[in-house]
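Structural features, examined
The lines below spell out each chain.
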Amino acid sequence: MKSCLETFVDVLYGKSLMEASTKELYNALAKVVVKNVEKNWDETRNLNNKRCGYLSAEFLIGRMIYANLLNAGMLDEAKYILEQNNIDINVFEEVEDAALGNGGLGRLAACYLESAATENILLDGYGLRYRYGLFKQSFKNGFQNEEADDWLKWGDPFSKRVEDDTVIVHFKDMDIKAVPYDMPVIGYHSKVVNTLRLWQSEAIKEFDFKEFDNMEGVKTNDEAYKAKEITYVLYPNDNTLEGKKLRLRQEYFMVSASLQDMLKKFKKLNLTFKELPNYYIWQLNDTHPTLAIPEMIRLLKNEGLSFDESLKIVRKMFNFTNHTIMAEALEQWPIEMLEELIPDVLKEIKLIEEDLEKNLDKNKYFIIKNNKVNMAYLAIYVSEHVNGVAAIHTEILKNNTFKEWYEVYPYKFVNVTNGVTPRRWLALNNESLSKLITSRIGDGWVKNLGELAKLKGIENDEEFLKDFITSRNINKIRLANYIEKHEGIDIPVNYMFDIQIKRLHEYKRQLLNALSILYLAFEIKEGNLIDYKPTVFIFGAKSAPGYYMAKQIIKLINTIADYVNNDSVISKKIKVCFVQNYNVSYAEKLVSAADLSEQISMAGMEASGTGNMKFMINGTPTLGTLDGANVEIAAEAGKSNNYIFGLTVEEVDALKKNYKPELFVENNPKLKKVLNALIDGTLNAKFEEIYDSLLKGNEPDRYLVLADFNSYIEMKLFANKEYQSKEYYKKCIVNMYSSYRFSSDRSIKDYNELIWKL
Ligand code: 26W
């Protein structure tokens with residue numbers, strides 16, 4: 001490998017390793033990795049076994065170099081060679097994340113590809129190659145500021161442009177070129193190398209200077225612009241449909257290119273189309289790629305099949321994962337818009353609707369209503385399987401969200417609880433804990449997280465306990481240094497690190513956390529919390545740029561941070577830090593250094609959560625509600641090994657029938673004081689809208705922040721009381737070794753056994 005890296009740096013840049021820039025080293029090293037897996041990649045590609053395509057508008061892959069080196073078995077050697085040239089492998093931390101996703105759903109897609117390759121399962125990723133990923137966030141005067149994410153400035157050395165596999169996607173007003181960029185998906189010490197294929201939109205006729213002077217040229221250039229626009233930028237919404245034409249174009253572009261690509265390969269096999277579902281099936285990552293269903297029918301009809309024949313085949317080809325029950329996220333596209341952009345696809349949707357009317361009571365079941373296409377209903381009607389992403393979430397789908405559909409198709413509904421890859425989320429991000437684990441049970445856990453169960457009982461081993469604490473402290477020091485450098489905030493490492501990191505959304509209740517901090521601040525000021533152990537509350541979160549209330553909450557938390565951090569009495573006990581530009585790489589550092597994991601959504605709202613799993617694997621107890629996968633985390637590790645509080649789903653439903661938030665404030669002067677601080681000038685800014693959202697309007701306090709306030713404070717104080725005791729660290733360790741269920745290797749095996757059957 002040494003000479004290989006030297007050759008690449010020399011051939012590409014005419015330099016020695018020591019002369020090369022970080023960017024040059026990165027590009028050359030990545031090329032060496034790709035070259036190393038080339039043979040396995042070709043062999044995997046050439047297998048004719050049944051495969052599944054994971055069709056997703058988002059793949060939040062993050063930084064790739066370390067994960068790929070580890071999985072290809074090249075990490076130690078790379079470290080060594082670089083070291084010999086006085087280069088620290090950590091220089092690649094400068095390389096920006098590929099943030100081609102918003103949050104949980106996109107990161108899940110990335111973990112799944114990695115786990116499938118590790119488990120030798122033939123799962124390809126199909127998506128979009130956005131020129132700009134999720135915006136970069138900074139704070140200006142406490143408000144979120146967004147900037148373009150030019151991730152390609154570091155190059156894209158893991159990708160290969162495959163000109164030969166270009167396809168044409170047809171819209172009513174124009175035809176567009178879809179050019180694939182392929183990335184190898186390298187499993188951990190496995191033979192299979194899968195492919196992540198991302199489509200880039202381009203004009204069929206490129207910008208033409210000769211024609212620039214006449215009208216013809218203007219039209220060409222306009223078209224070139226319109227073509228490129230499709231994959232120009234990732235929509236930064238998480239949980240709300242904006243209903244924009246360009247977004248619909250993105251979805252259809254992705255779907256049509258991917259299916260054409262698959263069909264082209266299938267036709268080379270000279271089989272009958274009936275065989276198609278034995279050759280290729282698709283997992284729809286939420287409704288975003290649901291147009292694949294009518295598009296597949298359209299393509300089969302182009303091959304000479306009838307609608308009925310096509311539908312019969314397509315019914316065996318698709319499976320649908322739902323990731324949220326929030327009404328505002330469930331996609332419904334206006335018929336008008338479909339008619340304007342993709343009338344041929346709309347025709348097939350209407351035929352599917354006719355088919356539905358033949359089979360089901362049309363007063364109760366529909367795909368099209370009020371001139372809108374309900375994408376979830378379309379997906380459920382045709383798919384073989386529908387799944388939720390945590391046990392409680394799947395139950396809610398069956399009993400509420402898709403109740404009527406469950407009544408007619410009970411056999412379609414299955415649960416596959418989410419997972420995260422233990423390579424990125426333990427082996428790589430937490431070197432000290434990994435070493436400790438390996439010193440006791442060997443390194444088999446990296447490939448099979450279930451081996452952590454061998455550590456059962458080790459929480460009673462004094463030496464392990466001591467080493468565990470040392471490991472946690474190493475990570476806390478590393479995080480504190482990083483935060484000091486990037487945020488300019490000094491975080492004492494002997495403070496408890498209480499961390500909430502996730503997209504900013506009202507249902508996730510960062511506001512509940514913020515209000516609890518104000519409560520603690522006032523208590524400390526009044527001298528009521530003598531024994532409280534110093535704590536730093538760390539937040540990381542991006543808000544959708546158009547989500548007003550979320551942006552107000554960011555400003556509030558930054559304002560509370562100023563108030564707390566600048567008060568000489570309060571800051572001796574608590575500090576607040578909202579890190580900027582929270583992303584995958586930041587998350588890696590945060591989860592390995594956390595003392596407490598905040599998972600405090602209103603019960604019933606968080607489909608699963610995956611951050612909760614990352615903390616657990618790293619040995620951090622959850623302060624959380626019985627929502628999403630928290631329920632399963634508490635079940636696996638034991639409820640008493642986590643800090644569970646608040647209303648359950650059933651209690652939320654009951655309370656919501658006649659909720660009067662003011663009743664929770666009236667007899668609670670401390671809560672009243674906290675709420676008043678939002679509007680009375682205690683803080684440096686006023687937050688009328690937040691205050692009003694809790695107490696006024698037709699649905700005050702929609703997410704029951706005030707109803708859960710007391711039980712939250714109580715559990716938060718209890719966690720603080722236990723912190724640094726043996727009891728506390730035992731809880732950490734039990735969580736860590738009980739985390740097998742939350743490995744994405746397990747999730748992928750569930751998908752394969754219950755759904756794909758590859
Ligand atoms: C159309 C706009 C839009 C964009 C993204 C709507 C909905 C989404 C996603 C469904 C949002 C999302 O990321 N959901 C999260 O998915 C994770 C992976 O399953 C879950 O762990 C989270 O609970 C869920 O919020």
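Computed from a predicted structure; not experimentally measured.

Some words on the packing of aromatic side chains
Two measures describe an aromatic ring pair: the distance that separates the ring centres and the angle between the ring planes. Under the counting rule described, the total for this entry stands at 30 aromatic pairs. On the numbers, 4.9 Å between centres and 40 degrees between planes, the contact of Y280 with W282 is tilted. Just as Y280 is buried, W282 falls in that class too. Just above the ring of Y409 sits the side chain of K412; from NZ or CZ to the centre is 4.2 Å.

Let's talk about the site of the ligand
Around the ligand, the structure places 20 residues, and the nearest of them are H323, N418, E606, S608 and G609. H323 places a polar side-chain atom, nitrogen or oxygen, 2.6 Å from an oxygen atom of the ligand. S608 places a main-chain nitrogen or oxygen 3.0 Å from an oxygen atom of the ligand. Summarising the interface, the protein chains cover 97% of the accessible area of the ligand, which totals 570 Å² for the free molecule. For the shell around the ligand, the residue count by class is six nonpolar, eleven polar and three charged. Mapping the shell around the ligand onto the domain boundaries places at least three of its residues in each of domain 1 (50–418 + 749–756) and domain 2 (422–733 + 744–748).

A few points about helix 10 (residues 307–314)
Within the sequence span of helix 10, burial applies to F307, S310, L311, I313 and V314. One side of helix 10 holds all its buried residues, which, seen down the axis, span an arc of 160 degrees. Opposite the buried face of helix 10, by more than 90 degrees, sit the exposed residues D308 and K312.

Things to note about the side chain of N558
Relative to the assigned elements, N558 resides in helix 20 (residues 548–565). On the accessibility criterion, N558 (12% relative accessible area) is buried. Only 3.0 Å separates the side chain of N558 from the backbone oxygen of G142, close enough to count as a polar contact. Those residues in contact with N558 that lie beyond four places of it in its chain are F139, G142 and F578.

Re the pattern of salt bridges
Scanning the entire structure with this criterion turns up 54 salt bridges. Among the ionic pairs, K364 bridges to E407, the shortest N-O distance being 3.3 Å. Linking K364 in the loop between helix 12 (343–359) and strand 14 (368–369) with E407 in helix 15 (residues 403–408), this pair joins segments that are 43 residues apart in sequence. By relative accessible area, K364 is classed as partly exposed at 40%.

What about the sheet that holds strand 13 (residues 332–334)?
The antiparallel open sheet is built from three strands, whose spatial order is 13-15-14. The two strands at the open ends of the sheet, each matched to only one other strand, are strand 13 and strand 14. Pairing analysis gives three bridges linking strand 13 to strand 15 (residues 372–374), with the strands arranged antiparallel. Looking at strand 15, one finds that P334 is bridged to K372. Against the sheet, helix 13 (residues 375–382) touches strand 13 and strand 15, its axis set at about 45 degrees to strand 15.

A few points about unusual backbone geometry
Trans peptide bonds make up the majority, and among non-glycine residues the majority have a negative phi. Positive phi values are uncommon outside glycine, yet N141 reaches one of about 55 degrees. Looking at the element boundaries, N141 is found in the loop between strand 5 (136–140) and strand 6 (143–147). We note that Q724 has phi near 70 degrees; this positive angle belongs to a residue other than glycine. Tracing the backbone through its elements, the reader meets Q724 in the loop between helix 28 (705–722) and helix 29 (726–737).

Examining the domain arrangement of the chain
When the domains of the chain are assigned, the result is domain 1 (50–418 + 749–756) and domain 2 (422–733 + 744–748). The centre of domain 1, based on its C-alpha atoms, is set 32 Å off from the matching centre of domain 2. On the domain 2 side, the residues contacting the 63 residues of domain 1 number 52 residues. Between domain 1 and domain 2 the total buried area reaches about 4,600 Å² when both faces are included, carbon and sulfur atoms providing 54% of it. The residue R746 makes a salt bridge to D750 at a minimum N-O spacing of 2.8 Å. There are 39 residue pairs in polar contact (both at pLDDT 80 or more) connecting domain 1 and domain 2. For the side of domain 1 that touches domain 2, the secondary structure elements donating two or more residues are strand 2 (59–62), helix 3 (65–71), helix 4 (75–84), helix 5 (104–118), strand 5, strand 6, helix 14 (391–401) and helix 30 (744–756). Here the element with the most residues in the side of domain 1 that touches domain 2 is helix 5; it accounts for nine residues.

What about the packing of helix 5 against helix 30?
It is the contact of helix 5 with helix 30, at a shortest axis distance of 9 Å, that shows an interaxial angle of 80 degrees. Overall, the two elements helix 5 and helix 30 adopt an arrangement that is roughly perpendicular. Along its contact with helix 5, which presents C111, Y112, S115 and A116, the element helix 30 presents S744, D745, S747, I748 and Y751.

Regarding the sheet that holds strand 23 (residues 643–644)
A sheet is described by the order of its strands in space; here six strands give the open sequence 20-19-18-21-22-23, paired in parallel fashion. Among the strands making up the open sheet, the edge pair consists of strand 20 (574–579) and strand 23. For strand 22 (residues 622–624) and strand 23, the ladder comprises two bridges, and the chain directions are parallel. Directly across from L623, in strand 23, lies its bridge partner Y643. Sheet strands touched by helix 19 (residues 510–525): strand 18 (496–501), strand 19 (535–540), strand 20 and strand 21 (596–599). Its angle to strand 19, the strand with the most contacts, is close to 155 degrees.

Rules of the game
- Residues numbered from 1 in each chain as written.
- Predicted model: local features only at pLDDT ≥ 70, side-chain atom pairs only at ≥ 80, totals over all residues.
- Heavy atoms only, no water.
- Phe/Tyr/Trp six-rings, centres within 6.5 Å; stacked < 30°, edge-to-face > 60°.
- Buried < 20%, exposed > 50% of the residue type's maximum accessible area, 1.4 Å probe, protein only.
- Lys NZ or Arg CZ within 6 Å of the ring centre and 35° of its normal.
- Near = heavy atom within 4 Å.
- Polar contact = N/O pair within 3.5 Å; in protein donor to acceptor, adjacent residues only side chain to side chain.
- Areas by Shrake-Rupley, 256 points an atom, 1.4 Å probe, with all protein chains shown as cover.
- Nonpolar A, V, L, I, M, F, W, Y, C, P; charged D, E, K, R; others polar.
- Domains from an automatic or database assignment.
- Helix = DSSP H or I, 4+ residues; strand = E, 2+ residues; numbered from the N terminus.
- Arc of directions from axis to C-beta.
- Contact = heavy atoms within 4.5 Å.
- Salt bridge = Lys/Arg side-chain N within 4 Å of Asp/Glu carboxyl O.
- Pairing = 2+ DSSP bridges.
- Axes fitted to C-alpha atoms, helices over the stretch in contact; angles between N-to-C directions.
- Buried area = accessible area lost by both parts, 1.4 Å probe.
- Parallel < 35°, antiparallel > 145°, perpendicular 65-115°, else oblique.

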